[in-house]
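Understanding the architecture of this molecule
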Amino acid sequence: MPRLSEVIAALETLWPAERAESWDAVGTVAGDPDQQVMRVLFAVDPVQEIVDEAVKLGADLLVTHHPLYLRGTTTVAATHFKGRVVHTLIKNDIALHVAHTNADTADPGVSDALAGALDLRVTGPLVPDPTDPAGRRGLGRLCALDHPVTVREFAARAAERLPATAQGIRVAGDLEALVRTVAVSGGSGDSLFDQVRAAGVDAFLTADLRHHPASEAVAHSPLALLDAAHWATEWPWCELAASQLDEISDRHGWDLRVHVSKTVTDPWTAHAASPPSDPLGAPN
């Protein structure tokens, strides 16, 4: 069995820490470099439910996309839920490693996995990484469909292919307009509207779209917007990352057992649909 330091070194070749944004908190949060690793669990969120799953699984390493302490802390006391996560990890000899914005821009990365889940052909990054001479790394992805579909059909595809959440897929735009090209960005994407408009795509699928940026975006152009749950747009990366580690394990003869959590950690748990629209408009 490999040591944790060896597995982390391999993960760092996939998602180097120096490629994370300056505000981000990536890398190893807990774990003894000399401990042996046999079983690894991938998940989006380092929440107690996922850590408990790692304990039940007998995992030695938990790899998550979201950081545990993005803004730092002065305590890991178990009186706070993040402190309880740390205590559970350490008591059960489970290491925690985070790949966040360094996985977003990787090649392949979070948005490649999202595009793959939607059966889209990636043509390049939405926001290219200027340090990549090959022009493959960067934030978001520009994609093409093998044949045009309507916005309605593309939204239905997204609802079917992405993990089910209470939110589902929200849509802005003409449902019968044809979609040939798409921009996708796993996670929060409304800061990318300028780049999406410049790309001239027919639709943009991302998460966490806010009212004013979305309103302005559809006013500027016929661009269709598809807003999925944040967790759902990033979960496909877990499967991609697990397959990458499986390949590394086979190459090194490590015989790791690599798992992907299917636990839904999207914070929204229910959705009450509005009744049919009143022709008189919104209530006072």
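Our subject in this report is the structure included herewith. (Residues numbered from 1 in each chain as written. Predicted model: local features only at pLDDT ≥ 70, side-chain atom pairs only at ≥ 80, totals over all residues. Heavy atoms only, no water.)

Before going further, it helps to spend a moment on the overall build of the chain. Along the chain, the regular secondary structure elements total nine helices and 11 strands. Taking 2.2 N^0.38 as the reference for a compact globule, 284 residues should give roughly 19 Å; the C-alpha atoms of the chain span a radius of gyration of 20 Å, in line with that estimate. In terms of overall dimensions, the chain has C-alpha extents of about 65 × 50 × 30 Å along its principal axes. Every one of the 284 residues in the chain was classed for burial, and the buried ones make up 48%. For the chain, long-range pairs separated by at least 24 residues make up 65% of all intrachain contacts whose partners lie at least 6 apart in sequence. Counting only carbon and sulfur atoms, one obtains 52% of the accessible surface of the chain, whose full area is about 14,200 Å². (Helix = DSSP H or I, 4+ residues; strand = E, 2+ residues; numbered from the N terminus. Rg over C-alpha atoms; globule rule 2.2 N^0.38 Å. Buried < 20%, exposed > 50% of the residue type's maximum accessible area, 1.4 Å probe, protein only. Contact = heavy atoms within 4.5 Å. Areas by Shrake-Rupley, 256 points an atom, 1.4 Å probe, with all protein chains shown as cover.)

Before going further, it helps to examine the sheet that holds strand S11 (residues 257-260). Spatial strand order, S1-S4-S3-S2-S11: five strands in an open sheet with mixed pairing. Looking at which strands have only one partner, the edges of the open sheet turn out to be strand S1 (27-30) and S11. Mean inter-strand twist for the sheet, computed between neighbouring axes without regard to direction, equals 25°. Examined bridge by bridge, strand S3 (residues 61-64) and strand S4 (residues 95-98) share four bridges and lie parallel to one another. Residue pairing in the sheet places Leu 61 in a bridge with Ala 95 of S4. Of the strands in this sheet, strand S2 (39-43), S3 and S11 touch helix H2 (residues 48-57), which is tilted by about 160° from S2. (Pairing = 2+ DSSP bridges. Axes fitted to C-alpha atoms, helices over the stretch in contact; angles between N-to-C directions.)

A few words on the pattern of salt bridges. Tallied over the entire structure, the rule returns 11 salt bridges. For Arg 136, the salt bridge goes to Asp 107, with nearest N and O atoms at 2.8 Å. Taken together, the residues span a long stretch of sequence, with Arg 136 in the loop between strand S5 (121-128) and strand S6 (138-150) and Asp 107 in the loop between helix H4 (101-104) and helix H5 (110-117) at a distance of 29 residues. Under the relative-accessibility criterion, Asp 107 is labelled partly exposed at 36%. In this structure, Arg 257 engages Asp 255 in a salt bridge whose closest nitrogen and oxygen atoms are separated by 2.7 Å. Through salt bridges with shared partners, a single ionic network connects Arg 3, Glu 6 and Asp 34. (Salt bridge = Lys/Arg side-chain N within 4 Å of Asp/Glu carboxyl O.)

Looking now at the sheet that holds S5. Taken in spatial order, the six strands of this open sheet run S5-S6-S8-S9-S10-S7, and their pairing is mixed. Looking at which strands have only one partner, the edges of the open sheet turn out to be S5 and strand S7 (170-172). This sheet shows a mean twist of 25° between the axes of neighbouring strands, independent of strand direction. As defined by bridge partners, strand S8 (residues 178-188) adjoins strand S9 (residues 203-207) across four bridges and the pair is classed as parallel. Bridging across to S9, Val 182 finds its partner in Ala 203. In the packing of helix H6 (residues 151-161) onto the sheet, the strands contacted are S6, S7, S8, S9 and strand S10 (224-228), and the crossing angle to S6 comes to about 120°.

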